[in-house]
Amino acid sequence: MELRINRRALVGLGVAAALTASSFALLRTDTGSASSHREAPAIAGDPRNDNTDTYAFVSPDKPGTVTLLANWIPFEEPQGGPNFYSFDTKSRYNIKIDNDGDADPDITYQWTFRDEDRAGTNTFLYNNGPVTSLNDANLLYRQHYTLKVITAKGTKTLIQDGIVAPSNVGAASMPDYGTLRAQAIKGLPGGGKTFAGQADDPFFLDLRVFDLLYGGNLSEVGQDTLKGYSVHTLAVQVPAEELALKGDAKRNPVIGVWSTTDKWSPKGYAQVSRLGQALVNEVVVPRGLKDTFNSLPPIKDADIPAVVKRVTDPEVARLLESIYGIKAPATPRNDLVEIFLTGIAKGNGPIKADLNSQTLNKDAGKLRPSEMLRLNMSVPPAKDPNRLGVLGGDLQGYPNGRRLADDVVDISLQAVAGAAQTGKLVPGLTDKVDSNDRPFLQSFPYVALPGNVAVNQQK
């Protein structure tokens, strides 16, 4: 696929991406939390089912493959024992892909879990000696998982009895956690890989944004508020052809991705959490619809006028003008509808670029507007990735999918300041948190190893 995007179009893409979701978060003045951590009233009380972030990117070290990664369980404190963190055995955890644009999943990777608890009534400990392997007898509690892939052809079991990488209890208990991580990576049929286990939370930002936008004068910046916290990660890395419509990644390179949690009750499974683009439910969706949004499939998004209006006439732009005196962009923001519901393509709206809409797939049918993270798998990994993604001229970055190192906070701040119209970044408009506190890994699953130092001791 030929990508013809000039510099002005690049900047426009950055604005549209940011304002769809991330920038709404940056400019709220009420209480909030990072990404989709505790984003709705009901899920805030059910952390094991709380989906925090979703990522989709062409694998930098294996460009013929795509990595899909989602996190759950926000704010895991490393010293949160004796009952350390685990997936819910009564839930189904999903990463879903729509490759034809109808807003229904064409492919679903689904994990379910079971507990193996050998502590019984003998001890309160998670482990009773150093743990040097996933099968070490000293590890008294471990989780096993089954991974299935669901398509129109049926359901196929990919992993029958995988083992989840445990919580990182500490240096005495787990002297070489990297070995445990490596053992938790499993091969998939067809040459793919999968991983389930604890990881350092890859999202980075200064959450003092909620104190009147960094103190009202950008004096409260530079502190990664998520430093030291962990999450639980589920990830797959598969050939692009396995995700593409009709198995043809050249004719049909664009996919839409989102993740969900289905929780069991006496009435059956019900979706309780959903995440595509970052920060949507916290700050785009009004409080009265947050729990409902978590329960809805993307196919119903376009039928919610209250949400659509908050995109075309964003409150956040008015807040930017009132606090910092920066004139808000004119409304209605039809470019936001393009990025938020349809993906970016010349035929979808005012952004004159073909990037990541399923309408670019030659075999796609009629597009159903819906919120999801869209990725053009034909865009190769950048040799020198720019943390500002498309806004920085890097088409492989956010909002074309989302990489771990994409700085969605700074992208959003610059976008709402009008960078799309001026072509210039506003000096000093940043939270001064440009990267994660722990370096990401160079190979699958890329997320950093979880820490074992209490957050209140982080330096």
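These figures come from a predicted structure and were not determined experimentally.

Some words on the overall build of the protein chain
When its secondary structure is counted, the protein chain shows twelve helices and twelve strands. Counting the 459 residues in the protein chain, one finds 58% classified as buried. Accessible surface, the protein chain: about 17800 Å² in total, of which carbon and sulfur atoms supply 51%.

Let's talk about the pattern of salt bridges
Overall, the coordinates contain 16 salt bridges when judged by the stated rule. Between D262 and R92 there is a salt bridge, with the nearest N and O atoms lying 3.4 Å from each other. Of the two residues, D262 sits in strand β10 (residues 254-265) while R92 sits in strand β3 (residues 91-98), which places them 170 residues apart along the sequence. We classify D262 as buried; its relative accessible area is 9%. Two residues, D407 and R387, come together in a salt bridge whose shortest N-O distance is 2.7 Å. With D407 in the loop between β12 (373-376) and α11 (408-416) and R387 in the loop between β12 and α11, this pair connects stretches of sequence that are 20 residues apart. By relative accessible area, which is 1% here, D407 ends up buried. Residues joined in a network through salt bridges with shared partners are R387, D407, D410 and D434.

Topic: unusual backbone geometry
Note the cis peptide between Y398 and P399, where omega equals 15 degrees. Cis rather than trans, the peptide bond between F444 and P445 has omega equal to 5 degrees. With a phi close to 65 degrees, I73 is a non-glycine residue in the positive phi region. Look at I73 and you get buried, because its relative accessible area is 3%. Although it is not a glycine, Y446 adopts a positive phi angle of roughly 75 degrees.

A word on the nonpolar core
In this structure, Y126, M174, F203 and L404 are the most contacted members of the largest nonpolar core, which totals 42 residues. Mapped onto this core, the elements with two or more residues apiece are β1 (51-58), α4 (177-183), β8 (193-200), α5 (212-218) and α11. Broken down by element, this core gets its largest block of residues, four residues, from α11. In contact with Y126, other than residues within four places in its own chain, are P82, F84, N138, L139, L140, Y141, P166, S167, V169 and M174.

Considerations on the environment of L69
Within the secondary structure, L69 sits in strand β2 (residues 65-76). Residue classification places L69 among the buried residues on the basis of a relative accessible area of 1%. As a C-alpha pair, L69 and Y55 span 14 residues in sequence and 5.1 Å in three-dimensional space. Excluding residues within four positions of it along the chain, L69 makes contact with D53, T54, Y55, I95, T233, L234, A235, L404, P445 and V447.

A word on the pairing of β8
With seven of eight residues buried, β8 lies mostly within the body of the structure. Two elements, strand β7 (residues 186-187) and β8, share two bridges in a ladder whose sense is antiparallel. Each bridged residue has a counterpart across the sheet, and for G187 the counterpart in β8 is K193. The hairpin formed by β7 and β8 contains five residues between the paired strands, and G190 there has a positive phi angle of roughly 90 degrees. Inspection of the sheet shows β8 paired to strand β9 (residues 230-239) by eight bridges, in the antiparallel sense. Pairing of F195 across the sheet is with A235, part of β9.

Topic: the packing of aromatic side chains
Any two aromatic rings considered together are summarised by their centre-to-centre distance and by the angle between their planes. Using the criterion set out here, one finds eleven aromatic pairs in the structure. Ring geometry for W72 against Y93: centres 5.2 Å apart, planes inclined by 85 degrees, an arrangement best described as edge-to-face. Residue W72 is found in strand β2, and its partner Y93 is found in strand β3; the two are separated by 21 residues along the sequence. With a relative accessible area of 0%, W72 lands in the buried category. Look at Y93 and you get buried, because its relative accessible area is 0%. Ring pairs connect the aromatic residues W72, F87, Y93, F113 and Y145, which therefore count as one cluster.

Describing the sheet that holds β9
The five strands are arranged β1-β2-β9-β8-β7 in an open sheet whose pairing can be described as antiparallel. At either margin of the open sheet sits one strand with a lone partner, and together these are β1 and β7.

Parameters and conventions
- Per-chain numbering applies: the sequence of each chain, read as written, is numbered from 1 onward.
- Whole-chain, interface and lining totals are the exception, using all residues; otherwise, since this is a predicted model, local features are given only for residues with pLDDT of at least 70 and side-chain atom pairs are given and counted only at 80 or more.
- As a rule here, side-chain values cover all heavy atoms of the structure and leave hydrogens and water aside.
- Strands are runs of DSSP state E lasting at least 2 residues, helices are runs of H or I lasting at least 4, and numbering of each runs from the N terminus.
- Using a 1.4 Å probe on the protein chains alone, a residue whose accessible area is under 20% of its type maximum counts as buried, one over 50% counts as exposed, and one in between counts as partly exposed.
- Method for areas: the Shrake-Rupley scheme with a 1.4 Å probe, in which residue coverage is limited to the protein chains shown.
- A pairing counts as a salt bridge when a side-chain nitrogen of Lys or Arg comes within 4 Å of a carboxyl oxygen of Asp or Glu.
- Here the nonpolar core consists of buried residues drawn from Ala, Val, Leu, Ile, Met, Phe, Trp, Tyr and Cys, with membership extended through side-chain atoms lying within 4.5 Å.
- A contact between two residues is defined here by any heavy atoms of the two lying within 4.5 Å.
- Think of it this way: DSSP has to see at least two bridges between two strands before they count as a pair.
- Here the aromatic set is Phe, Tyr and Trp, taking the six-membered ring for Trp, and pairing holds for ring centres within 6.5 Å; pairs whose planes are under 30 degrees apart are stacked, those over 60 apart are edge-to-face, and all others are tilted.

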